[in-house]
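# Fold and contact review
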Amino acid sequence: MGYRELLQALEDEVGRQIRERRAEALRERERLLDTTRQELRAMRQKVLEEERRRLEEESARALSRARMELEHAILAETRRQMAELLREVEVRLPAMNNADVLTRLVDEIVPELDAGPAEFRVRAGQEKHLRAHLSRHHPGLLPRATVIGSPTVRGGVEVSLGGRQILDNTLPSRLQNAWQLLEPEIVALLFGEGHGGM
(Lines give C-alpha, C1' and ligand atoms only; values in the text may rest on other atoms or scores of the structure.)
Protein backbone atom coordinates (compact mmCIF):
# COMPACT_ATOMS: atom_id res chain seq x y z
CA MET A 1 0.00 0.00 0.00
CA GLY A 2 1.48 3.27 -1.04
CA TYR A 3 1.63 6.54 0.82
CA ARG A 4 -1.35 7.97 -1.07
CA GLU A 5 -3.48 4.90 -0.32
CA LEU A 6 -2.41 5.06 3.31
CA LEU A 7 -3.42 8.70 3.53
CA GLN A 8 -6.73 7.91 1.86
CA ALA A 9 -7.38 5.03 4.27
CA LEU A 10 -6.46 7.24 7.18
CA GLU A 11 -8.72 9.99 5.89
CA ASP A 12 -11.56 7.51 5.38
CA GLU A 13 -11.10 6.18 8.93
CA VAL A 14 -11.04 9.69 10.39
CA GLY A 15 -14.15 10.56 8.36
CA ARG A 16 -15.88 7.39 9.57
CA GLN A 17 -14.98 8.13 13.20
CA ILE A 18 -16.17 11.73 12.80
CA ARG A 19 -19.48 10.48 11.38
CA GLU A 20 -19.82 7.95 14.18
CA ARG A 21 -19.00 10.62 16.78
CA ARG A 22 -21.48 12.98 15.16
CA ALA A 23 -24.12 10.27 15.05
CA GLU A 24 -23.34 9.38 18.68
CA ALA A 25 -23.41 13.07 19.65
CA LEU A 26 -26.77 13.44 17.87
CA ARG A 27 -28.11 10.38 19.66
CA GLU A 28 -26.79 11.71 23.00
CA ARG A 29 -28.26 15.11 22.22
CA GLU A 30 -31.66 13.52 21.45
CA ARG A 31 -31.45 11.43 24.61
CA LEU A 32 -30.55 14.50 26.68
CA LEU A 33 -33.33 16.51 25.04
CA ASP A 34 -35.79 13.70 25.66
CA THR A 35 -34.65 13.36 29.31
CA THR A 36 -34.81 17.14 29.74
CA ARG A 37 -38.30 17.26 28.22
CA GLN A 38 -39.46 14.50 30.58
CA GLU A 39 -37.90 16.26 33.56
CA LEU A 40 -39.44 19.57 32.49
CA ARG A 41 -42.86 17.89 32.07
CA ALA A 42 -42.51 16.31 35.52
CA MET A 43 -41.41 19.63 37.05
CA ARG A 44 -44.23 21.47 35.26
CA GLN A 45 -46.73 18.87 36.48
CA LYS A 46 -45.38 19.14 40.02
CA VAL A 47 -45.52 22.96 39.95
CA LEU A 48 -49.06 22.87 38.51
CA GLU A 49 -50.14 20.34 41.14
CA GLU A 50 -48.64 22.41 43.96
CA GLU A 51 -50.23 25.59 42.58
CA ARG A 52 -53.60 23.83 42.23
CA ARG A 53 -53.36 22.57 45.81
CA ARG A 54 -52.31 26.03 47.04
CA LEU A 55 -55.21 27.67 45.19
CA GLU A 56 -57.66 25.09 46.56
CA GLU A 57 -56.41 25.68 50.12
CA GLU A 58 -56.52 29.45 49.63
CA SER A 59 -60.04 29.19 48.18
CA ALA A 60 -61.14 27.00 51.09
CA ARG A 61 -59.72 29.51 53.58
CA ALA A 62 -61.36 32.43 51.76
CA LEU A 63 -64.68 30.56 51.65
CA SER A 64 -64.38 29.71 55.34
CA ARG A 65 -63.63 33.38 56.17
CA ALA A 66 -66.58 34.52 54.05
CA ARG A 67 -68.89 32.03 55.78
CA MET A 68 -67.66 33.11 59.20
CA GLU A 69 -68.11 36.80 58.32
CA LEU A 70 -71.63 36.06 57.04
CA GLU A 71 -72.48 34.12 60.21
CA HIS A 72 -71.14 36.98 62.37
CA ALA A 73 -73.17 39.50 60.35
CA ILE A 74 -76.33 37.38 60.67
CA LEU A 75 -75.69 36.89 64.40
CA ALA A 76 -75.11 40.62 64.93
CA GLU A 77 -78.29 41.49 63.02
CA THR A 78 -80.26 38.83 64.92
CA ARG A 79 -78.99 40.22 68.24
CA ARG A 80 -79.83 43.78 67.16
CA GLN A 81 -83.36 42.80 66.18
CA MET A 82 -83.85 40.79 69.38
CA ALA A 83 -82.63 43.74 71.49
CA GLU A 84 -85.07 45.98 69.60
CA LEU A 85 -87.88 43.50 70.23
CA LEU A 86 -87.02 43.39 73.95
CA ARG A 87 -87.09 47.21 74.10
CA GLU A 88 -90.51 47.25 72.42
CA VAL A 89 -91.83 44.71 74.95
CA GLU A 90 -90.40 46.76 77.84
CA VAL A 91 -92.13 49.88 76.50
CA ARG A 92 -95.46 48.03 76.56
CA LEU A 93 -95.10 46.72 80.14
CA PRO A 94 -96.76 49.73 81.83
CA ALA A 95 -99.92 49.12 79.77
CA MET A 96 -100.12 45.62 81.30
CA ASN A 97 -99.85 46.97 84.85
CA ASN A 98 -103.47 46.72 85.96
CA ALA A 99 -105.06 45.62 89.22
CA ASP A 100 -105.58 42.02 88.10
CA VAL A 101 -101.90 41.59 87.19
CA LEU A 102 -100.85 43.16 90.50
CA THR A 103 -103.00 40.84 92.62
CA ARG A 104 -101.86 37.77 90.66
CA LEU A 105 -98.18 38.68 91.19
CA VAL A 106 -98.79 39.42 94.90
CA ASP A 107 -100.55 36.05 95.35
CA GLU A 108 -97.55 34.31 93.77
CA ILE A 109 -95.07 35.90 96.17
CA VAL A 110 -97.05 35.60 99.45
CA PRO A 111 -96.08 31.92 100.07
CA GLU A 112 -92.40 32.97 100.04
CA LEU A 113 -92.86 35.53 102.85
CA ASP A 114 -91.75 34.68 106.38
CA ALA A 115 -93.61 35.71 109.58
CA GLY A 116 -91.79 39.04 109.93
CA PRO A 117 -92.71 42.49 108.64
CA ALA A 118 -93.08 42.93 104.89
CA GLU A 119 -92.92 46.15 102.91
CA PHE A 120 -94.79 46.01 99.61
CA ARG A 121 -93.73 48.48 96.92
CA VAL A 122 -96.15 48.94 94.05
CA ARG A 123 -96.71 51.53 91.37
CA ALA A 124 -97.94 54.79 92.85
CA GLY A 125 -101.76 54.79 92.87
CA GLN A 126 -102.15 51.03 93.45
CA GLU A 127 -101.63 51.10 97.24
CA LYS A 128 -105.35 51.17 98.11
CA HIS A 129 -106.13 48.28 95.76
CA LEU A 130 -103.32 46.17 97.26
CA ARG A 131 -104.46 46.83 100.85
CA ALA A 132 -108.00 45.77 99.91
CA HIS A 133 -106.66 42.61 98.23
CA LEU A 134 -104.49 41.69 101.24
CA SER A 135 -107.49 42.31 103.55
CA ARG A 136 -109.70 39.93 101.53
CA HIS A 137 -107.22 37.20 100.54
CA HIS A 138 -104.35 37.40 103.06
CA PRO A 139 -105.85 38.88 106.25
CA GLY A 140 -103.07 37.46 108.49
CA LEU A 141 -100.44 39.30 106.44
CA LEU A 142 -102.11 42.73 106.49
CA PRO A 143 -101.20 43.72 110.11
CA ARG A 144 -97.45 43.26 109.43
CA ALA A 145 -97.55 44.66 105.89
CA THR A 146 -96.60 48.15 104.82
CA VAL A 147 -97.74 49.23 101.36
CA ILE A 148 -95.80 51.98 99.62
CA GLY A 149 -96.37 53.54 96.22
CA SER A 150 -93.15 53.92 94.23
CA PRO A 151 -92.50 55.75 90.96
CA THR A 152 -89.75 53.25 90.07
CA VAL A 153 -91.96 50.14 90.19
CA ARG A 154 -93.30 49.71 86.66
CA GLY A 155 -95.72 46.88 87.31
CA GLY A 156 -96.00 44.07 89.81
CA VAL A 157 -94.57 44.17 93.29
CA GLU A 158 -91.31 44.31 95.22
CA VAL A 159 -91.33 43.03 98.80
CA SER A 160 -88.70 43.93 101.36
CA LEU A 161 -88.48 41.54 104.32
CA GLY A 162 -87.29 43.23 107.48
CA GLY A 163 -85.59 45.90 105.38
CA ARG A 164 -82.96 43.52 104.06
CA GLN A 165 -84.11 40.89 101.54
CA ILE A 166 -86.00 42.04 98.45
CA LEU A 167 -88.27 39.71 96.55
CA ASP A 168 -88.81 41.06 93.06
CA ASN A 169 -91.97 39.98 91.28
CA THR A 170 -92.23 42.98 88.99
CA LEU A 171 -93.10 42.85 85.30
CA PRO A 172 -89.56 43.88 84.21
CA SER A 173 -88.03 41.19 86.43
CA ARG A 174 -90.39 38.54 85.11
CA LEU A 175 -89.72 39.68 81.55
CA GLN A 176 -85.96 39.29 82.05
CA ASN A 177 -86.40 35.78 83.50
CA ALA A 178 -88.82 34.74 80.77
CA TRP A 179 -86.64 36.31 78.07
CA GLN A 180 -83.62 34.24 79.10
CA LEU A 181 -85.68 31.05 78.90
CA LEU A 182 -87.63 31.88 75.76
CA GLU A 183 -85.08 33.78 73.68
CA PRO A 184 -83.81 30.70 71.75
CA GLU A 185 -87.40 29.73 70.90
CA ILE A 186 -88.25 33.29 69.84
CA VAL A 187 -85.15 33.43 67.65
CA ALA A 188 -86.05 30.07 66.06
CA LEU A 189 -89.63 31.27 65.42
CA LEU A 190 -88.59 34.61 63.95
CA PHE A 191 -85.41 33.68 62.06
CA GLY A 192 -85.55 29.92 61.53
CA GLU A 193 -84.19 26.87 63.29
CA GLY A 194 -80.52 27.56 62.47
CA HIS A 195 -80.44 30.60 64.78
CA GLY A 196 -81.58 28.89 68.00
CA GLY A 197 -78.07 28.98 69.52
CA MET A 198 -77.81 32.78 69.52
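This section reports on the structure supplied with the text. (Residues numbered from 1 in each chain as written. Predicted model: local features only at pLDDT ≥ 70, side-chain atom pairs only at ≥ 80, totals over all residues. Heavy atoms only, no water.)

### Here we look at the sheet that holds strand β1 (residues 118–123)
In a beta sheet, neighbouring strands pair by backbone hydrogen bonds and run either parallel or antiparallel. Across the sheet, which stays open at both edges, the four strands sit in the order β2-β1-β3-β4 with mixed pairing between neighbours. In this open sheet, the two edge strands, each paired with only one partner strand, are β2 (145–150) and β4 (165–170). Taking each pair of neighbouring strands and ignoring which way they run, the sheet shows an average axis angle of 20°. In this structure, strand β3 (residues 156–161) lies alongside β4, joined through six bridges in antiparallel fashion. Residue V159 lies in a different strand from β4, and its bridge partner there is L167. With respect to the sheet, helix α2 (residues 99–109) is in contact with β1, β3 and β4, its orientation differing from that of β3 by roughly 35°. On the sheet, helix α4 (residues 171–191) packs against β3 and β4 and is oriented at approximately 80° with respect to β4. (Pairing = 2+ DSSP bridges. Helix = DSSP H or I, 4+ residues; strand = E, 2+ residues; numbered from the N terminus. Axes fitted to C-alpha atoms, helices over the stretch in contact; angles between N-to-C directions. Contact = heavy atoms within 4.5 Å.)

### Things to note about the pattern of salt bridges
By the definition in use, this model includes 13 salt bridges. In this structure, E20 engages R16 in a salt bridge whose closest nitrogen and oxygen atoms are separated by 2.3 Å. Of this pair, E20 and R16 both sit in helix α1 (residues 3–96), four residues apart, which is roughly one turn of the helix. Judged by its relative accessible area of 42%, E20 falls in the partly exposed class. For R16, a relative accessible area of 33% gives the class partly exposed. R121 serves as the salt-bridge partner of E119, at 2.6 Å between the closest nitrogen and oxygen. (Salt bridge = Lys/Arg side-chain N within 4 Å of Asp/Glu carboxyl O. Buried < 20%, exposed > 50% of the residue type's maximum accessible area, 1.4 Å probe, protein only.)

### Concerning the nonpolar core
With 17 residues, the main nonpolar core has V106, L113, F120, L130, L134, V157 and V159 as its most contacted residues. Contributions of two or more residues to this core are made by α2, β1, α3 (127–137), β2 and β3. The contact partners of V157, leaving out residues within four places of it in the chain, are L102, L105, V106, I109, F120, R121, V122, L167, D168, N169 and T170. One finds M82, L93, L105 and W179 within the second-largest nonpolar core, a separate group that totals nine residues. (Core = buried A, V, L, I, M, F, W, Y, C linked by side-chain atoms within 4.5 Å.)

### Focus on α4
Owing to its 3.6 residues per turn, the α-helix brings residues three or four apart onto one side. Compared with the 30 Å implied by 1.5 Å per residue over 21 residues, the 26 Å span of α4 between its first and last C-alpha is markedly short. Helix geometry: α4 is bent most strongly at L182, by close to 55°, with proline P184 lying one to four residues after it. Burial in α4 covers these residues: L171, P172, S173, L175, W179, V187 and A188. Immediately beyond the C-terminal end of α4, within one or two residues, lies G192, with a positive phi of roughly 105°. (Expected span 1.5 Å × (residues − 1). Bend = angle between axes of the 7 residues up to and from the residue.)

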